Amino acid sequence: MGEPLLSVRNLHITYHRQGGSVPAVRGVSLDIEKGGSLGLAGESGCGKSTLANSLLRLLPPETEVTGEITLDGKDVLTLSPGGLRAVRWTSGAIVFQGALHALNPVQTVGDQIAEPMLVHETADSQDAARARTIELLGRVGLARPRATAYPHQLSGGQRQRVLIAMALACDPLLLIADEPTTALDLMVQAQVLALLDDLKQERELTLLFITHDLSVLTYACQRLAIMYAGRIVEEGPAWGVFENASHPYTRALAAAFPTIGDRSSRMAPSGLGGDPPTPGNLPSGCPFHPRCPLAEDGCLVEEPSLRVSGPGRSAACILV
Amino acid sequence: MSGSDRLTSEHARRRGRRRLILRKVLGSILTLIFVLVFNFFLFRVVQTDPIGSLFRGRNVPAETLENLRTSFGLDKPIGTQFLFYLKETAQLNLGISYQTRQSVWDEIVVAIPPTVALVGVSAVLSAVIGTLGGVIAAWRRNTWKDQSITSGTMVFYSMPDFWLGMIMLVLFGVVLGWFPVGGMTDAGSNETGLALLLDELYHMFLPALTLTLAYLGEYTLVTRSSLLDVMGEDYLTVARAKGLRDVVVRNRHAVPNALLPVVTLTAINFGFVLSGAIAVETVFSWPGLGKATADAIRGPDLPMLQGLFLLFSAAVIFFNLIADITYSWLDPRVEEI
Amino acid sequence: MSLAMQRRRATAGRVWKQFRGSRQGMIGLSVLAIFIMMALAAPLLADVRELSPVYARAAGNPQWAPPGEFPPLGTDFIRRSVWAQFVWGSRVSLFVGLAATVLTILIGSIVGILSGFVGGRTDAILMRVTEWFLVIPFLPLAIVLASILGRSVWNIIFVIGITSWPSTARLVRAQVLTVKQRLFVDRARSLGGGGTHIVGHHILPNVSGLILANATLAVPISILTETTLSFLGLGDPTAASWGKMLEEAFVNGAMTRNAWWYFMPPGLGILAVVLAFTLIGRTLEEIANPRLGGR
């Protein structure tokens, strides 16, 4: 058990806009061991994509980022521009969401996959890069002719695979998958998940999997962290957190997805009422209290910190 | 659209593109026909007696005039006259100028090269400089670089182009005496070859500067706007995430996408090359199509105006077609329709 | 006051507040206000008789006098006060610019709304006509029409209106199509609202913002076109606009004499008014489409 591959300590991210400052991430800490996999779940606006982008310092320059991010032993936030560029895609790579917008419309997908190889010189020549591109495309299940296709000529599922192939181009240590299965239909989702699982095993990838779909994470990840209003509100082994949640929010999230084959889950009203809070306008005390079925008076006063709720588990709720 | 494969074969794509081009060419021809119809009927409405106007003030016997009218087919029904007009136009027989009594076509042909030279050079310069300015302004948006470029070009774009020319002419020609005050060559000089060319360029400097300044604003604005749109796209973040330098992200990923509308604009503007400098040519007495138009207005020399209008329209239609085709060739997303 | 009225009032108030906060918008508005006041107050600022060459001669004005000699702006080639021409010329330039824009917007909006709302064959025909106008070089067409129709203020207004409406029509049509797709139009139909009702109560309010922004940006084009047409000799000989001043300055040799006091003021006036409208138009665009804000 050496050093974790990724270590985040007390990360605060604040956007500064014309209307004011918006705290998107408010003190997040997490670790991922080498070869491990962490799932990060939450509704939109909870800060998970902001967190993902911050790991490679991809946020707009006016964004205020404090805390510590250590990736493969390097302090990401204090790297020089040259050092940062070297780390990007080689130590950590991101599979972005919304594949059509993540790909340059006027460049072939093959060129886009080969590009980082040439930039980081992990391929010796154009031909080597091309060969490796075709190899990667094959590995993600796409035929050779796809290399000369433009993004708009591929289906959504195919584009997602291209993004995965692209992320693997420089053999990264950490793979960050930001909502890779959103907006794909169930069949394709399953294929993409299976692919990620295979890749993780054969390349000993460390995986950070971000999504709003809890059921997906329990399949793909060892550990789970739930985010709400810019903070982690529960953390622990995936199945444990899913089956037996400590935090009321996790419980609601887990119940929101009917289990196929379980008729009772179809009948029982679940799903969380209300909307997630806007980052600039958080409720007092625990930000979840307006939607929490178990809220008490104490919940309006102070925001609970993460406390141990079981072996290797923690949750941020006063009821724990 | 899951599982379906929209990757069409290269062959099918080419076929689709050819069909697209054919449709656009036909569309352009149709527009040109409309222009011819418009041109003919509009001027026919006003030119109630072209022969009379042509020989106004000259002592020509009525019989000769009648013979001329018959030979020009002016006694025939309007439909026949229109077909006659089409035939003549196709043979580049555009009538006779009221003012000079020479063939309209001959007068026009002589005036084309000076205009193409002046406006062509200005169009290229304004496109290049304007686009560069727009790229810088967008990439460094809201900094002083952006604001000075944007405000500066906006000011130039908001003034009458010929007024800017007047200022240039008075300041650099009259007051400072650095440049000539008009014409394309020095009157009375017999230079030839290179010396003549240099003299012409010398005369062209001020009007070209005027036109370039007046029109680069459009390119700056469009490029800036287009690049700003592109800058919000995710694939630029992806490019950065791959470890590319900022400049490379800009030049390899952002700019090519942003340039698509600029290319269209440039091609369209080349269509306006012929008609773009009417007032500026007048200020600098530059012997091109613009000055010919201004002179024709003073008549009014209707056959000249008719011929010039036809030429201007044809140029615009042609270059709009080129713009369309170029865009569909550059943007891989355009297939059919 | 009906609910719709109230909401519209509130929107207008909101827009004004946002506009007031925009520095570029307020600069544009102030400059425009100055020129409009100058145009309206023309009789107070300069004697209209000074525009007559006969009066000027009788008054013993010098020819080509610089401002030092004949404040505030000197005299021209036939002894008339340049200041008087500038002040009174502003009326013509502003009037023609605004009137031509009104015509442009009127034609463009009607065509755009008809085309977008009725659709089908009407749309196809109108769009063909619009495209045709867009392809024809604008200035030559204006020149041709003006040459044929003759030199008067109303003809110039007509010519500019007739040649500028296509881009407005295209914009309006696109917006109408967007609005049409929205559910509430179908709801209005199912409630029994007829064509005019839908157009009046649903389409127009959602399109008017766009039309207003487009109008403010169309005025500069109208003014610059009138200036160019007048400079080329197609303006109304009796109505001295700023463009006409530039023409007379040019034709009578103001440049060789460096009579800057004759051709600088009208050009600066045009520049100022055009910039003012452009700033106002851009501010309105930013308010209507917040995505553009901060650009």
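Structural notes, computed from the coordinates. In this text the structure is predicted, and so the values were computed from the model without any measurement.

### Observations regarding the overall build of chain B
Helices and strands together make up the secondary structure of chain B, namely 13 helices and zero strands. Secondary structure of chain B in N-to-C order comes out as α-α-α-α-α-α-α-α-α-α-α-α-α. Burial statistics for chain B: of 337 residues in total, 45% are counted as buried. Long-range pairs, those at least 24 residues apart, make up 74% of the contacts in chain B with a sequence separation of at least 6.

### Some words on helix H5 (residues 104-139) of chain B
Taking 1.5 Å per residue, 36 residues should reach 52 Å; H5 of chain B reaches 50 Å between its end C-alpha atoms and fits that length. Where H5 of chain B starts, the residue carrying a side-chain oxygen 3.2 Å from the main-chain nitrogen of tryptophan 105 of chain B turns out to be serine 103 of chain B.

### What about the interface of chain C and chain B?
At the junction of the two partners, chain C supplies 40 residues and chain B supplies 46 residues. Summing both sides of the interface, chain C and chain B together bury roughly 3900 Å²; the carbon and sulfur share of this comes to 78%. Inspection of the region where chain C meets chain B yields zero salt bridges. The interface formed by chain C and chain B includes one residue pair in polar contact (both at pLDDT 80 or more). Those elements that place two or more of their residues in the side of chain C that touches chain B are helix H6 (120-135), helix H7 (138-149), helix H10 (195-231), helix H11 (242-251) and helix H12 (260-288) of chain C.

### Description of the interface of chain B and chain A
At the interface, 27 residues of chain B touch 31 residues of chain A. Of the roughly 2700 Å² buried between chain B and chain A, counting both surfaces, carbon and sulfur atoms make up 55%. Summed over the shared surface of chain B and chain A, the number is two salt bridges. We note a salt bridge from glutamate 115 of chain A to lysine 242 of chain B, for which the minimum N-O separation is 3.1 Å. Here chain B and chain A share nine residue pairs in polar contact (both at pLDDT 80 or more) between them. When residues of the side of chain B that touches chain A are traced back to their parent elements, those giving at least two are helix H9 (234-241) and helix H10 (246-271) of chain B. Considering each element in turn, the side of chain B that touches chain A owes the most residues, six residues, to H9 of chain B.

### Regarding the packing of aromatic side chains
Scanning the entire structure with this criterion turns up 23 aromatic pairs over all chains. Three or more aromatic residues joined by ring pairs form one cluster here, namely Phe38 and Phe309 of chain B together with Trp132, Phe133 and Trp165 of chain C.

### Quick look at the pairing of strand S1 (residues 6-17) of chain A
Residue and element names in this part refer to chain A. Looking at chain direction, S1 and strand S4 (residues 64-71) are connected through seven bridges and run antiparallel. Along S4, the bridge assignment pairs valine 8 with isoleucine 69. Taken together, the 10 bridges between S1 and strand S2 (residues 20-32) define a ladder with antiparallel strand orientation. Across the sheet, residue threonine 14 finds its bridge partner in S2, namely proline 23. Between S1 and S2, which pair antiparallel and follow one another directly, the connecting turn spans two residues.

### A look at the arrangement of the chains
The structure contains two pairs of chains in contact, of which chains B and C account for the largest number of contacts. When C-alpha atoms are compared, chain A and chain C, though not in contact, are closest at a spacing of 9 Å.

### A word on the pattern of salt bridges
Inspection of every chain in the model, using the stated rule, returns 29 salt bridges over all chains. For glutamate 115 of chain A, the salt bridge is made with arginine 252 of chain B, and the minimal N-O distance between the two is 2.7 Å. Remark: arginine 252 of chain B occurs in helix H10 and glutamate 115 of chain A occurs in helix H4 (residues 109-119); the pair is interchain, linking two chains. Looking at glutamate 115 of chain A, the relative accessible area reads 4%, which means it is buried. The salt bridge involving lysine 200 of chain A is made with aspartate 197 of chain A; its shortest N-O contact spans 3.8 Å.

### Some points on the sheet that holds S4 of chain A
Residue and element names in this part refer to chain A. Taken in spatial order, the four strands line up as S2-S1-S4-S5 in an open sheet, and their pairing is antiparallel. Each edge of the open sheet carries a strand with a single partner, namely S2 and strand S5 (74-75). Relative to S5, S4 is paired through two bridges, and the arrangement is antiparallel. Note on S5: the bridge partner recorded for threonine 70 is aspartate 75.

### So, the environment of valine 109 of chain A
Residue and element names in this part refer to chain A. In this structure, valine 109 sits in helix H4. For valine 109, a relative accessible area of 0% corresponds to the buried category. Along the primary structure valine 109 and alanine 149 are separated by 40 residues, whereas in three dimensions their C-alpha atoms are 6.1 Å apart.

### Observations regarding the sheet that holds strand S10 (residues 231-237) of chain A
Across a sheet, paired strands are connected by hydrogen bonds in the backbone, their directions being either parallel or antiparallel. Residues and elements named next belong to chain A. Spatially, S6-S7-S8-S3-S9-S10-S12-S11 is the arrangement adopted by the eight strands of the open sheet, whose pairing is mixed. With one partner strand each, in any of the chains shown, strand S6 (92-95) and strand S11 (307-310) form the two edges of the open sheet. Averaged over all pairs of adjacent strands, the angle between their axes in this sheet comes to 25°, without regard to strand direction. Relative to S10, strand S9 (residues 223-228) is paired through six bridges, and the arrangement is antiparallel.

### Notes on the packing of helix H1 (residues 3-21) of chain C against helix H2 (residues 23-40) of chain C
All names here are of chain C. Contact geometry for H1 and H2: axes closest at 5 Å, N-to-C directions at 95°. The angle between the axes of H1 and H2 places the two elements in the roughly perpendicular class. The residues of H2 that touch H1, namely those facing Trp16, Phe19, Arg20 and Gly21, are Arg23, Gly25, Met26 and Leu29. When its residues are assigned to classes, the contact of H1 with H2 shows four nonpolar, two polar and two charged.

### Brief notes about the environment of alanine 288 of chain C
Here alanine 288 of chain C is to be found in helix H12. The spatial distance from the C-alpha of alanine 288 of chain C to the C-alpha of tryptophan 83 of chain C is 39 Å, given a sequence separation of 205 residues.

### Points about the nonpolar core
The tendency in soluble globular proteins is for nonpolar side chains to be buried as a group. Among the nonpolar cores identified, the biggest contains 127 residues, and Ile143, Leu229, Tyr262 and Phe263 of chain C are the most heavily contacted of them. The element that contributes the greatest number of residues to this core is H12 of chain C, accounting for 14 residues. Other than its neighbours up to four places away in sequence, isoleucine 143 of chain C contacts Ile278, Thr293, Ile297 and Leu305 of chain B together with Leu229, Leu232 and Leu234 of chain C. The next biggest cluster of nonpolar side chains, apart from the first, holds 98 residues, and it includes Ala167, Val192, Leu199 and Leu224 of chain A.

How each quantity is defined
- In every chain, residue numbers begin from 1 and rise along the written sequence.
- Whichever chain is written first is A, and whichever ligand is written first is 1; the rest continue in order.
- Per-residue local features are limited, in this predicted model, to residues with pLDDT of at least 70; the limit for side-chain atom pairs, both in listing and counting, is 80 or more; totals at the level of whole chains, interfaces and linings are taken over all residues.
- To obtain the side-chain values, all non-hydrogen atoms of the structure were used and water was disregarded.
- We count a stretch as a helix when DSSP gives it H or I for four or more residues in a row; a strand needs E for two or more, and each element gets its number in order from the N terminus.
- Think of it in three bands: residues with accessible area under 20% of the maximum for their type are buried, residues over 50% are exposed, and the middle band is partly exposed, with areas taken using a 1.4 Å probe on protein chains only.
- Only heavy atoms enter the contact rule, under which two residues are in contact if any of them lie within 4.5 Å.
- Helix span, expected: 1.5 Å multiplied by one less than the number of residues in the helix.
- Under this definition, polar contacts are N or O atom pairs within 3.5 Å; protein pairs additionally need one hydrogen-donor-capable and one acceptor-capable atom, and for neighbouring residues in sequence, both atoms have to be side-chain atoms.
- When two components associate, each loses some accessible surface as probed by a 1.4 Å sphere; the sum of these losses over both components is called the buried area.
- When a carboxyl oxygen of Asp or Glu is within 4 Å of a side-chain nitrogen of Lys or Arg, the pair counts as a salt bridge.
- Between the rings of Phe, Tyr and Trp (Trp by its six-membered ring), a pair exists once the centres lie within 6.5 Å; its type follows the angle of the planes, with under 30 degrees stacked, over 60 edge-to-face, and the other angles tilted.
- Between any two strands, pairing holds if DSSP finds at least two bridges.
- Only the stretch in contact is used when a helix axis is fitted, and all axes are lines through C-alpha atoms; the angle between N-to-C directions ranges over 0 to 180 degrees.
- These descriptions rest on fixed angle ranges, namely under 35 degrees for roughly parallel, over 145 for roughly antiparallel, 65 to 115 for roughly perpendicular, and the rest for oblique.
- Lys, Arg, Asp and Glu make up the charged group, whereas Ala, Val, Leu, Ile, Met, Phe, Trp, Tyr, Cys and Pro make up the nonpolar group; the residues left over, Gly among them, are polar.
- For this analysis, a nonpolar core means a set of buried residues of the types Ala, Val, Leu, Ile, Met, Phe, Trp, Tyr and Cys, connected via side-chain atoms within 4.5 Å.

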